[in-house]
Amino acid sequence: MPCVLFAASPSELHLKGGTNAEMAPQIDYTVMVFKPIVEKFNFTFNCDIKKRGYYPQGGGEVVVQMSPVKELSPINLTERGTVTKIHGRAFVAGALPIKSFTLLNGFDVTGCRVEIWAALKCIAAEPGNENGILDTLHMAVQKSLAHIERYLLAKDMAAAAVRCIRKEIRDLYINIQSVREPDNHAVGTGSGIIIVAETSTGCLLAGSSLGKRGKNPDKVGIEAAEILLKNLKHGGTVDDSLQDQLIIFMALAKGVSRVKSGPITLHTQTAIHFAEQLTKAKFTVTKSEEDDPSKDTYIIECQGMGMINSNF
């Protein structure tokens, strides 16, 4: 991304692989958190998720479009403000096993009706074929039950996350959308959740988790909620996943950037080391003196190199 920002013309990147995988921020994080914050450096980009890909198949497709800029502006993210909104997305995709069936009040059964209706049309077209009728109806019912089961799994993750957050934050509406990914928009089988907290000063902090075989959906939701609460407790303006991703942009910007964060991660330390080696930027990391001494909060400050796009 930094390379195409200083290119001579607009760029379009076609990226393929896993979109929601372990040991990395999910693509939802890129869209919901990274994008709006990094655009504060005075550039914009479009991130279009064509298809989601899950471990081990991968196969996801994302198209990123962006135009070059003359220079990047510095940022000042030092005021966290108060949390004003919490929202998120719990998703399931692929052929997850059916374990139980409970119909929720208000559940949208449109997809199930379509499957059953298609089966009935087949039955009407083949009178007298009892075995074929039973097989067709059985397959339609099984497919419909799987559709509902996947939706319920997402609902379980979302509900567990809300219960966990409610223990710490009681007076704020929490909206976590439950989503069953369309089969033609996903490769493989996967499930997970991301929860984002927005603050009065425009900060975005998140927590996320992925499901896997044998892992209770409640545990997935609780893990994401606990990560979010941990990121909110340290008082910083960015979460652990965003910290290191901002370093290269701070280094390239013209002027002084300041970011308040929680404990400095190893990824951030590594990013600072190499950014200073590759550019003329200078970083300092100091303990924040404005906060409660018991909080592990730091100020990452950078005198950017002021990279200029020679094509302008």
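From a predicted model like this one, the values you see are computed outputs, not experimental measurements.

In this section: the nonpolar core. Ranked by size, the top nonpolar core spans 41 residues in total, and within it Phe41, Phe43, Leu72, Leu246, Met250 and Phe283 carry the most contacts. Not counting residues within four places of it along the chain, the set of residues in contact with phenylalanine 283 comprises Ile247, Met250, Ala251, Ile272, Ala275, Glu276, Ile300, Glu301 and Cys302. Judged by nonpolar contacts, the second largest core, of 25 residues, contains Cys164, Ile195, Cys203 and Ala225.

Looking now at the pattern of salt bridges. Applying the stated criterion to the full structure yields eleven salt bridges. Between lysine 254 and glutamate 71 there is a salt bridge, and its shortest N-O distance comes to 4.0 Å. You can see lysine 254 sitting in the loop between helix 7 (247-252) and strand 10 (256-261) and its partner glutamate 71 sitting in the loop between strand 3 (60-66) and strand 4 (76-77), a full 183 residues away along the chain. Taking the relative accessible area as the measure of exposure, glutamate 71 reaches 28% and is therefore partly exposed. Here arginine 89 and glutamate 181 are joined by a salt bridge, their closest N and O atoms 2.7 Å apart. One end of the pair, arginine 89, is in strand 5 (residues 83-93); the other, glutamate 181, is in the loop between strand 6 (174-180) and strand 7 (186-187), and 92 residues separate them in sequence. Each member of the pair, arginine 89 together with glutamate 181, is buried.

Before going further, it helps to examine the packing of aromatic side chains. Counted according to the given criterion, the structure contains six aromatic pairs. Arranged with centres 5.8 Å apart and planes meeting at 25 degrees, the rings of phenylalanine 43 and phenylalanine 249 form a pair that is stacked. With phenylalanine 43 in the loop between helix 2 (27-38) and strand 2 (45-53) and phenylalanine 249 in helix 7, this residue pair connects regions lying 206 residues apart in the sequence. In terms of burial, phenylalanine 43 and phenylalanine 249 fall into one category: buried. Ring pairing ties together the aromatic residues Phe34, Phe41, Phe43, Phe45 and Phe249, which thus form one cluster.

Attention now goes to the environment of lysine 155. Looking at the secondary structure, you find lysine 155 in helix 4 (residues 130-166). Using a relative accessible area of 33% as the deciding quantity, one classes lysine 155 as partly exposed. Put simply, lysine 155 and proline 217 are 62 residues apart on the chain and 8.9 Å apart in space, counted from C-alpha to C-alpha.

By secondary structure assignment, the location of threonine 265 is in the loop between strand 10 and helix 8 (266-278). In terms of polar contacts, threonine 265 uses its side chain to reach the side chain of threonine 268, at 2.9 Å.

On average, residues of the protein chain carry a pLDDT of 87, and 81% of them reach 70 or more. In this model, residues 98-111 is a region of pLDDT below 50 whose contacts with residues beyond four sequence positions or in other chains number 20 contacts.

Attention now goes to the environment of glutamine 303. Here glutamine 303 is to be found in strand 12 (residues 298-303). Sequence separation between glutamine 303 and leucine 252 is 51 residues; the distance between their C-alpha atoms is 9.1 Å. Contacts of glutamine 303, omitting those with residues within four sequence positions, involve Gly255, Val256, Ala281 and Lys282.

Of the consecutive residues tyrosine 55 and proline 56, the connecting peptide bond is found in the cis state with omega at 0 degrees. Relative to the helices and strands, proline 56 resides in the loop between strand 2 and strand 3. Positive phi outside glycine occurs at methionine 23, with the angle close to 65 degrees. Considering the arrangement of structural elements, one finds methionine 23 in the loop between strand 1 (11-17) and helix 2. The exposed category is assigned to methionine 23, whose relative accessible area is 84%.

As summarised here, the arrangement of the four strands in space is 4-10-12-11, forming an open sheet in which the pairing is mixed. One side of each edge strand has no neighbouring strand; the edge strands of this open sheet are strand 4 and strand 11 (282-287). Sheet topology note: the strand 4/strand 10 ladder contains two bridges and is parallel. Considered in strand 10, the bridge of asparagine 76 is made with arginine 258. Against the sheet, helix 8 makes contact with strand 11 and strand 12, and its axis sits at roughly 150 degrees relative to strand 11, the strand it touches most.

To continue, consider helix 5 (residues 217-233). The end-to-end C-alpha distance of helix 5 is 25 Å, a good match for the 24 Å that 17 residues give at a rise of 1.5 Å each. Taken as a whole, helix 5 has its buried residues at Pro217, Val220, Gly221, Ala224, Ala225, Leu228, Leu229, Asn231 and Leu232. Along the axis of helix 5, the buried positions cluster into a sector of 165 degrees, meaning they face one direction only. The exposed residues of helix 5 that point more than 90 degrees off its buried face are Lys230 and Lys233. The opening residue of helix 5 is asparagine 216, an N-cap whose side-chain oxygen sits 2.7 Å from the backbone nitrogen of aspartate 218. Once helix 5 finishes, glycine 235 follows within two positions and takes phi at roughly 85 degrees, a positive value.

Here we take up the sheet that holds strand 1. With mixed pairing, the four strands of this open sheet are ordered in space as 1-3-2-7. Strand pairing shows two members of the sheet lacking a second neighbour, strand 1 and strand 7, which therefore form its edges. By the bridge criterion, two bridges tie strand 2 to strand 7 in an arrangement that is parallel. The residue bridging glycine 53 from the neighbouring strand is valine 187, located in strand 7. Together, strand 2 and strand 3 form the strand contacts of helix 2, whose direction differs from that of strand 2 by roughly 170 degrees.

Basis of the calculations
- Residues numbered from 1 in each chain as written.
- Predicted model: local features only at pLDDT ≥ 70, side-chain atom pairs only at ≥ 80, totals over all residues.
- Heavy atoms only, no water.
- Core = buried A, V, L, I, M, F, W, Y, C linked by side-chain atoms within 4.5 Å.
- Buried < 20%, exposed > 50% of the residue type's maximum accessible area, 1.4 Å probe, protein only.
- Contact = heavy atoms within 4.5 Å.
- Salt bridge = Lys/Arg side-chain N within 4 Å of Asp/Glu carboxyl O.
- Helix = DSSP H or I, 4+ residues; strand = E, 2+ residues; numbered from the N terminus.
- Phe/Tyr/Trp six-rings, centres within 6.5 Å; stacked < 30°, edge-to-face > 60°.
- Polar contact = N/O pair within 3.5 Å; in protein donor to acceptor, adjacent residues only side chain to side chain.
- pLDDT = per-residue confidence, 0-100.
- Pairing = 2+ DSSP bridges.
- Axes fitted to C-alpha atoms, helices over the stretch in contact; angles between N-to-C directions.
- Expected span 1.5 Å × (residues − 1).
- Arc of directions from axis to C-beta.

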